[in-house]
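Spelled out, the chains give:
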Amino acid sequence: MDSSQLRARFLAYFNRHAHEIVRSSPLIPQNDPTLFFVNAGMVQFKDVFLGADPRPYKRATTVQKCLRVSGKHNDLENVGHTARHHTLFEMLGNFSFGDYFKREAIKYAWDLLTNDLGIDAGRLWVTVYEEDDEALALWRDEVGVPAARIQKLGAKDNFWAMGDTGPCGPCTEIHYDHGPKISDDLRGPAGEDPRYVEIWNLVFMQYERDASGTLHPLPRPSIDTGSGLERVAAVTQGVYSNYDTDLFTPIIEHAARLANVRYRDNHDVDTALKVIADHSRAAAFLVADGVMPSNEERGYVLRRIMRRGIRYGVKIGLKGPFLYETVQTVIDRFSDAYPELGERSTFIKDVVKTEEERFAATLDRGLGLLDREFDKKPPRISGEVAFTLADTYGFPVDLTRLIAAERGLEVDEAGFEALREEQRQRGRLAWKGSGEEAVSALWHELARKFPTQFVGYDVDSATSEVVAVVSEGAGVSSLPEGSEGAVLAVATPFYAESGGQVGDTGVIRWEGGEAEVVDTTRPSGDIHVHHVRVTRGTLRAGQPVDLHVDNGRRDRSRLNHTATHLLHAALKKVLGEHVMQKGSLVGPDRLRFDFSHHKAMTADELRRVEDLVQREILANHPVATEVCDVDAAKAGGAMALFGEKYGDQVRVVSVAGFSKELCGGTHARRSGDIGFFKLASESGIAAGVRRIEAQTGWGALAYVREIESRAAAAAGLLKSSPDKLADAVQKLVDDRARLQKDLDTARREAARAATGDLREKAVTIGDIKLVAAEFVGDAKAMRDEADRLRDSLGTAVVVLAGRDEQSVRLLVAVSKDLAGKRYDAGKLISALSSMVGGKGGGRPDLAQAGGTDPSGVPAMLASVAGLLA
């Protein structure tokens, strides 16, 4: 039974038993800031178990992609060395949210394994929590598992907890006996022999633990089960190692072909191939879910995984980028189950290949540093060296640890961490903060008492009543003339800043008074907070008021917001489906859009995006909005922002046939209202994140006119016209290049005249010519003279020194037939520069240095002959 059939049979079985099939969530948790990555099937249901996220179903089943490379669940170091450790794996699971409990969970698991999957019941063992006599009796008396194959274990193995406090309960595990071909151990799972492999864990969530450690029965006990697809596949496919299942073998075989090696011929080669296969899977899935290689957080985990895979590839002779090719095999094998892989195929491969090329640029230099360190025969690799490798050459510390282990050495990781923490502290001192403030308890309380009715989708003015007044963080009864504060009303047309769109401004009027609204925010829940400056009268709680939005400002923001949706859709069409919104700013004067993409956009791509947006504007499509069920909206093709949480009812904004997004912002009535769209800039703001800034309408026109004005001014300075500006600039560039060439020639001739023909100062040492002399001229002239001397003298070493009152310039050139064989310019300059208070380095044929002691130049030049002898 192949893995695709296994997934399908698992889901179909539980669907027949009234379980909702729920798609795997992304690897980035959407509802748990305590986790870097989803590491179990229950993560996406955590709020359901806690009662905070009601669902229309009480039973669910999933095949969840999981990653374990951080925190206490970190399998990275073991990957490739064991039969079952992986970074990425798939967890089969069934869940009951206060519906069925132990009896049904146990019977379902046994029935599925022994009947639907055809696993030999005689090879299955069961473990239960030592105090859970109920589960033991169910296995023995109702399922019929022989008592000899049921074992009681302690809390370490068979008791699960969500945390130190909260839901917890006993669990029961099903293990498969791989038989005497693995070992002759007959003790069962309790003996912890690798012959017995856990294939399913059933958690009985029946207690809540309080801060004192006391267990209280839950009113609605639940079920959370997890079964590793890779382990079950090994059983159904008759192999012991997960790496010998169809989940890995196609990737391993592809890597072996690339490296021209054979799998199962050599232990070290096999380890490398397994690592490459595992890390290719993890890289493909992470990039598909929006993680980009970087030196921070999740991006750093991805970088570590990829660079570890690259290192193992180098060990078996793979040169140049290769991981992106094995990633293609992952995409081919898994895109049926995980469509996002196929949808973002080109992007995934581009990201992986770019990272490979980036690492290749520093890999050899980093390995060279390590080799020099190994030559010193140290007791271990110092923290300083490990930090330099990480900071300068991009070597994650676990990669340094891996290479050091190959030489039998350890890494001073405490020293490394100390240096890394020093760097972090320096970064914290330089960081001025995000400018955000914690939401005070006052806003939470007001949100609970006075949720605001927003009427601004339909009107720009409304009559309402003030329900709360706030000044300096505290509730007050009124705001007198000249004061500033915040006001809440029963209803408001003022849009509160959210979803990237800035808050509205305007005025609030009442009998005998007026206040300027300078901003509108939503600090908690559904309250719209009007930040005001009272210009006349006194504003009191309970006051009837008229609220008027600044129409012109609102209209410009609406146009920019709709343009942002068109831009998002256009980027997806031009760059690919991997494009995801990472942030935005929609104001009256401009729009800014941050999105996932791994490289700078080309001029052609920018032009195509701009054309697509402008085409939709000229088509003047209606901008439609509707409120509907979130699942129906997504099923209808509405784009949801990655990682965003939505309620049951959502607002869908669509431009016919082009853009459809879940959005709570204000928008144009027709796309043509935007008038004109102009991209202003495209830049990178973080690893894998690009930023576009643009203008619309009158703002776009003003931007274009400013460009035209500057072009006209530049053309005037060049005595040309704007339409011939490029030709005039090219002529200026050509003239400058010609003059620079003439100037360089004049400088060389002047330097040679001042110094004389240095060939006449050459001395013979054995079979080589040596010139060691002072030179008058700048650095470029010095390099040119060294090249001339070296080329004209044949087998030669040239040492030139220039000095002024405070500094020294030093250059060593070695002819090609000597470089790296008899003499190394880098080593020579290292010895010579120390005599003039400096240091330097370079290639074997050319090296440069600086110094601070001009008085040492004569003695230094005099010593060269001795160094060559």
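I keep staring at the overall build of the protein and nothing clicks. Help me out?
Across its full length, the protein carries 25 helices and 35 strands. The dimensions of the protein, computed from C-alpha atoms along their principal axes, are 100 × 95 × 50 Å. For the protein, restricting intrachain contacts to residue pairs at least 6 apart in sequence, the fraction spanning at least 24 positions comes to 67%. Separation of charge centres in the protein, based on 111 positive and 126 negative side chains, amounts to 4 Å.

What should I look at first to understand the packing of helix α3 (residues 102–116) against helix α4 (residues 133–143) in this one?
The relative placement of two packed helices is expressed as an angle between their axes plus a distance between the axes. Where α3 contacts α4, the two axes come as close as 10 Å, and the packing angle between them is 50 degrees. The pairing of α3 with α4 is recorded here as oblique in orientation. α4 is crossed by α3, and the crossing has right-handed handedness. Residues K102, R103, I106, K107 and W110 of α3 form the contact with α4, whose own contacting residues are E134, A135, L138, W139, E142 and V143. Of the residues contributing to the contact of α3 with α4, the split by class is six nonpolar, no polar and five charged.

Just to check I follow, could you spell out helix α23 (residues 825–833) for this structure?
Working note: α-helix, 3.6 residues per turn, so residues spaced by three or four point in the same direction. The complete set of buried residues in α23 reads A825, G826, L828, I829, L832 and S833. What you see down the axis of α23 is that its buried residues fit within an arc of 160 degrees, all on one side. Looking at the packing, one finds that the buried side of α23 touches β32 (796–803), β33 (808–814), β34 (839–842), β35 (846–851), α24 (857–862) and α25 (864–868). A side-chain oxygen of the first residue of α23 lies 2.7 Å from the backbone nitrogen of G826; this N-cap is D824.

For this particular structure, what's the right way to read the sheet that holds strand β27 (residues 659–662)?
Backbone-to-backbone hydrogen bonds pair the strands of a sheet. The strands run either parallel or antiparallel. Pairing in this open sheet of three strands is antiparallel, and the strands run β25-β26-β27 from one edge to the other. Among the strands making up the open sheet, the edge pair consists of β25 (623–629) and β27. Geometrically, the sheet is characterised by an average inter-axis angle of 20 degrees between neighbouring strands, direction not taken into account. In this structure, strand β26 (residues 649–655) lies alongside β27, joined through four bridges in antiparallel fashion. Across the sheet, residue V653 finds its bridge partner in β27, namely E661. Along the sheet face, helix α17 (residues 551–575) touches β25, β26 and β27 and points at about 115 degrees away from the line of β27.

Explain the state of the cysteines to me, please; I cannot follow it from the model alone.
Each disulfide consists of a covalent bond between the sulfur atoms of two cysteine residues. For the structure shown, the criterion picks out zero disulfides. The thiol of C663 is not disulfide-bonded; the next cysteine sulfur, from C628, is found 13 Å away.

Explain empty space enclosed by the protein to me, please; I cannot follow it from the model alone.
Empty space left among the atoms is revealed by rolling a probe the size of a water molecule over them. This model, assessed by the stated rule, comprises one cavity of 30 Å³ or more. Looking at the largest cavity, its volume works out to about 40 Å³. Along its surface, the largest cavity is lined by D744, R747, R748, D778, K780, A781 and D784. At the level of elements, α21 (725–755) and α22 (779–793) are the ones that each hand at least two residues to the lining of the largest cavity. Grouping the constituent residues of the lining of the largest cavity by class yields one nonpolar, no polar and six charged.

Looking at this model, I keep getting lost on the nonpolar core. Mind explaining?
The nonpolar side chains of a soluble globular protein tend to be buried, and buried together. Formed by 112 residues in total, the largest nonpolar core has its most connected members in W139, I174, W200, L341, I348 and F395. Residue contributions to this core peak at 13 residues, all from helix α8 (residues 267–288). Those residues in contact with W200, other than ones at most four positions away along the chain, are F10, F14, N94, A109, L112, L113, T172, E173, I174, T225, G226 and S227. Within the second largest apolar cluster, 29 residues are counted, among which are L566, F593, V623 and F677.

What am I meant to see in the packing of aromatic side chains here?
Per the stated rule, a full pass over the model turns up 25 aromatic pairs. A centroid spacing of 5.4 Å and a plane angle of 50 degrees characterise the contact between F45 and F97, whose relative ring orientation is tilted. With F45 in the loop between β1 (20–21) and α2 (46–49) and F97 in the loop between β5 (88–96) and α3, this pair connects stretches of sequence that are 52 residues apart. Pair check on accessibility: F45 and F97 agree, each one buried. On the numbers, 5.9 Å between centres and 70 degrees between planes, the contact of W110 with W139 is edge-to-face. Residue W110 is found in helix α3, and its partner W139 is found in helix α4; the two are separated by 29 residues along the sequence. By the burial criterion, W110 is buried, and W139 matches it. Above the face of the Y457 ring, R651 is positioned so that its terminal group lies 3.6 Å from the ring centre.

Looking at this structure, I do not really get α3. What am I missing?
For α3, with 15 residues, the first-to-last C-alpha span of 20 Å sits near the 21 Å given by 1.5 Å per residue. Three or more residues of α3 are buried, namely K102, A105, I106, Y108, A109, W110, L112, L113 and T114. Of the residues one or two after α3, G118 is the one with positive phi, at around 70 degrees.

What is the right way to read the pattern of salt bridges from this model?
It is possible for side chains of opposite charge to pair when their charged atoms get near one another. Tallied over the full model, the rule gives 52 salt bridges. The partner of R23 in a salt bridge is E340, with the nearest N and O atoms 2.9 Å apart. Of this pair, R23 sits in the loop between β1 and α2 while E340 sits in helix α11 (residues 339–343); the two residues are 317 residues apart in sequence, bridging distant segments of the chain. One network of salt bridges, with partners in common, ties together R23, K65, D289 and E340.

Sorry if this is basic, but what is going on with the side chain of E90 here?
You can see E90 is positioned in strand β5. Within polar-contact distance, the side chain of E90 engages the side chain of R7 at 2.8 Å. A polar contact of 2.6 Å, which involves the side chain of E90, links it to the side chain of Y338. Apart from the residues within four sequence positions on either side, E90 is in contact with R7, V63, Q64, S227, G228, L229, E230, L247, F334 and Y338.

Hey, could you run me through the pairing of β33 in this one?
Side-chain direction in a regular strand flips from residue to residue, so the side chains alternate between the two faces of the sheet. Most of β33 sits out of view: six of its seven residues are buried. Looking at chain direction, β32 and β33 are connected through seven bridges and run antiparallel. Counted as the bridge partner of R803 is V808 from β33. Where β32 folds back on β33, the antiparallel hairpin that results is connected by four residues.

Looking at this model, I keep getting lost on the sheet that holds β32. Mind explaining?
Strands sit in the order β30-β31-β32-β33-β35-β34 across an open sheet of six strands; the sheet is mixed. Every other strand in the sheet has two partners, leaving β30 (763–765) and β34 as the edge strands with one partner each. Going from strand to strand, the sheet's axes swing by 15 degrees on average, the running direction of each strand aside. Lying on the sheet, α22 is in contact with β31 (768–774), β32, β33 and β35; it crosses β32 at an angle near 160 degrees. Sitting on the sheet, α23 is in contact with β32, β33, β34 and β35, with an inclination near 150 degrees to β33.

How do you make sense of the packing of helix α1 (residues 3–16) against helix α6 (residues 229–236) when you look at a structure like this?
At a minimum axis separation of 10 Å, α1 and α6 run at an interaxial angle of 115 degrees. Put simply, α1 runs roughly perpendicular to α6. Seen along the crossing, α1 lies across α6 with a hand that is right-handed. Contact residues: α1 offers S3, L6 and R7, while α6 offers L229, V232, A233 and T236.

Could you clarify how one ought to interpret the environment of L363 in this entry?
Residue placement: L363 occurs in helix α12 (residues 345–375). For L363 and R307, which are 56 residues apart along the polypeptide, the C-alpha to C-alpha distance reads 9.6 Å. Each residue touching L363, except ones within four places of it in the same chain, is listed here: V314 and F395.

Before we go on, may I ask you to explain unusual backbone geometry in this structure?
Negative phi characterises most residues that are not glycine, and trans characterises most peptide bonds. Despite not being glycine, N260 shows a phi value in the positive range, around 60 degrees. Relative to the assigned elements, N260 resides in the loop between α7 (249–259) and α8. A relative accessible area of 72% means that N260 is categorised as exposed.

Please clarify how the side chain of N242 should be interpreted in this entry.
Tracing the sequence through the fold places N242 in the loop between α6 and α7. Side-chain polar atoms of N242 contact the side chain of H86, separated by 3.0 Å. Those residues in contact with N242 that lie beyond four places of it in its chain are A83, R84, H86, E230, R231, A234 and F248.

The rules behind each value
Residues numbered from 1 in each chain as written. Predicted model: local features only at pLDDT ≥ 70, side-chain atom pairs only at ≥ 80, totals over all residues. Heavy atoms only, no water. Helix = DSSP H or I, 4+ residues; strand = E, 2+ residues; numbered from the N terminus. Contact = heavy atoms within 4.5 Å. Lys, Arg positive; Asp, Glu negative; His and termini not counted. Charge placed at Lys NZ, Arg CZ, Asp CG, Glu CD. Axes fitted to C-alpha atoms, helices over the stretch in contact; angles between N-to-C directions. Parallel < 35°, antiparallel > 145°, perpendicular 65-115°, else oblique. Left-handed = near helix turned anticlockwise from the far one by under 90°. Nonpolar A, V, L, I, M, F, W, Y, C, P; charged D, E, K, R; others polar. Buried < 20%, exposed > 50% of the residue type's maximum accessible area, 1.4 Å probe, protein only. Arc of directions from axis to C-beta. Polar contact = N/O pair within 3.5 Å; in protein donor to acceptor, adjacent residues only side chain to side chain. Pairing = 2+ DSSP bridges. Disulfide = S-S within 2.5 Å. 1 Å grid on protein atoms, 1.4 Å probe; cavity = no way out; pocket = protein on both sides within 12 Å on 5 of 7 lines; lining within 4 Å. Points joined across faces, edges and corners; volume = space filled by probe spheres on them. Core = buried A, V, L, I, M, F, W, Y, C linked by side-chain atoms within 4.5 Å. Phe/Tyr/Trp six-rings, centres within 6.5 Å; stacked < 30°, edge-to-face > 60°. Lys NZ or Arg CZ within 6 Å of the ring centre and 35° of its normal. Expected span 1.5 Å × (residues − 1). Salt bridge = Lys/Arg side-chain N within 4 Å of Asp/Glu carboxyl O.

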